[in-house]
Amino acid sequence: MNSSFEPSTSSAILALQRATHVTLHVLAAELAGLDLTPSETNALAILADGRSRTASELGTAAGTRPTTLTSVLDRLERRGHITRGTRPADRRVVVIELTPSGRRVAETVRQTLDALETRALDGLPAESLAGFHHVLRALTEAPS
């Protein structure tokens, strides 16, 4: 998707919103066969490293509210991509793990994200990427 961007006329927030929209559109097209929502894609990308996470850890990593995360996990569980269990020491803690099919889908998501990131960012200098990540941290940690 080709786009023009006029930095002098756009705020950083609007530029981020537009970049997010374009990125989600490209990901949806490339992952269309998996029939995932952006929130499901995000959760699977986080879980792609194979580590189990508590629901709280996954919600924090995804930047998702608990009620939204619950519905995402419900859908992923119905499709057989995750399981939810408890820890023997504290049965109140919900632990999310990928199933074998979930690992395959998560790996496809991760490979697609990596390829998109490479296409989009490979030519940028390391200092620009470091600055970009610094801005993202500032926006993520901004007081509400």
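Everything that follows concerns the structure shown earlier in this document.
As the structure is a computational prediction, the values presented were derived from the model and not from experiment. (Residues numbered from 1 in each chain as written. Predicted model: local features only at pLDDT ≥ 70, side-chain atom pairs only at ≥ 80, totals over all residues. Heavy atoms only, no water.)

## Observations regarding empty space enclosed by the protein
The method is simple in principle: a probe with the dimensions of a water molecule rolls over the atoms, and the space it marks as empty is what remains. Selection criterion: Grid points spaced at 1 Å over the protein atoms alone were grouped into cavities, where a 1.4 Å probe fits but cannot get out, and pockets, open sets with protein on both sides within 12 Å along at least five of seven lines, with lining residues defined by an atom within 4 Å of a point. Grid points are joined across faces, edges and corners, and a volume is the space filled by probe spheres set on the points. Elements are defined by DSSP. Helices are runs of H or I of four residues or more, strands are runs of E of two residues or more, and each kind is numbered from the N terminus.
Inspection of every chain in the model, using the stated rule, returns 1 cavity of 30 Å³ or more. Counted as a void, the largest cavity has a volume near 30 Å³. Around the largest cavity, the lining residues are Ser39, Asn42, Ala43, Ala62, Thr64, Leu69 and Val72. When contributions to the lining of the largest cavity are tallied by element, the ones reaching two or more residues are α2 (38-47) and α4 (66-78). If you tally residues by element for the lining of the largest cavity, the top one is α2, at 3 residues.

## Looking at a nonpolar patch on the surface
We count it as follows: Within this analysis, patches are made of residues with over 30% relative accessible area and no salt bridge. Like charges are joined at 9 Å or less; nonpolar side chains (Val, Leu, Ile, Met, Phe, Trp, Tyr) at 5 Å or less. In short, Shrake-Rupley with a 1.4 Å probe defines the accessible areas, and a residue's cover is counted only from the protein chains shown. By salt bridge we mean one thing: a side-chain nitrogen of Lys or Arg within 4 Å of a carboxyl oxygen of Asp or Glu.
Taken together, Ile13, Leu16, Val135 and Leu139 make up a surface patch of nonpolar side chains, about 300 Å² in accessible area. Looking at the nonpolar patch, the elements that each hand over two or more residues are α1 (12-30) and α6 (126-140).

## Here we look at the packing of α2 against α4
Note the cut-off: Working convention: axes come from line fits to C-alpha atoms, limited for helices to the stretch in contact. Angles between N-to-C directions cover 0 to 180 degrees. Angle categories: roughly parallel below 35 degrees, roughly antiparallel above 145, roughly perpendicular from 65 to 115, and oblique for all the rest. We call two residues in contact when some of their heavy atoms are within 4.5 Å. Residues were grouped as follows: Ala, Val, Leu, Ile, Met, Phe, Trp, Tyr, Cys and Pro as nonpolar; Asp, Glu, Lys and Arg as charged; and all remaining residues, including Gly, as polar.
Where α2 contacts α4, the axes come no closer than 10 Å and their chain directions differ by 75 degrees. In terms of axis orientation, α2 runs roughly perpendicular to α4. Counting all contacts with α2, which are made through Ser39, Glu40, Ala43 and Leu44, the residues of α4 involved are Val72, Arg75 and Leu76. Tallied by class, the residues present in the contact of α2 with α4 amount to 4 nonpolar, 1 polar and 2 charged.

## Re the environment of glycine 59
What counts is decided by this rule: Using a 1.4 Å probe on the protein chains alone, a residue whose accessible area is under 20% of its type maximum counts as buried, one over 50% counts as exposed, and one in between counts as partly exposed.
Inspection of the secondary structure puts glycine 59 in helix α3 (residues 55-62). On the basis of relative accessibility, which here comes to 9%, the residue glycine 59 falls in the buried class. Every residue in contact with glycine 59, bar those within four places of it in the chain, is listed here: Thr64 and Leu69.

## Focus: the nonpolar core
Quick reminder of the rule: Here, the term nonpolar core denotes a set of buried Ala, Val, Leu, Ile, Met, Phe, Trp, Tyr and Cys residues that are joined through side-chain atoms within 4.5 Å.
Judged by nonpolar contacts, the single largest core of 23 residues is most densely connected at Leu44, Leu58, Leu76 and Ile82. Elements with a contribution of two residues or more to this core: α1, α2, α3, α4, β3 (90-98) and α5 (100-121). Tallying contributions element by element places α2 first for this core, with 5 residues. Beyond its immediate stretch of four places on either side in the chain, leucine 44 contacts Leu36, Leu76, Leu98, Gly102, Val105 and Ala106.

## Quick word on the pairing of β3
Our working rule: Following DSSP output, two strands are said to pair if at least two bridges run between them.
As paired elements, strand β1 (residues 53-54) and β3 share 2 bridges and run antiparallel to each other. Looking across to β3, one finds that arginine 53 is bridged to isoleucine 96. Of the pairings in the sheet, the one linking strand β2 (residues 82-87) to β3 comprises 6 bridges and is antiparallel in character. The partner of threonine 83 across the bridge, within β3, is glutamate 97. Between the end of β2 and the start of β3, which pair antiparallel, lie 2 residues.

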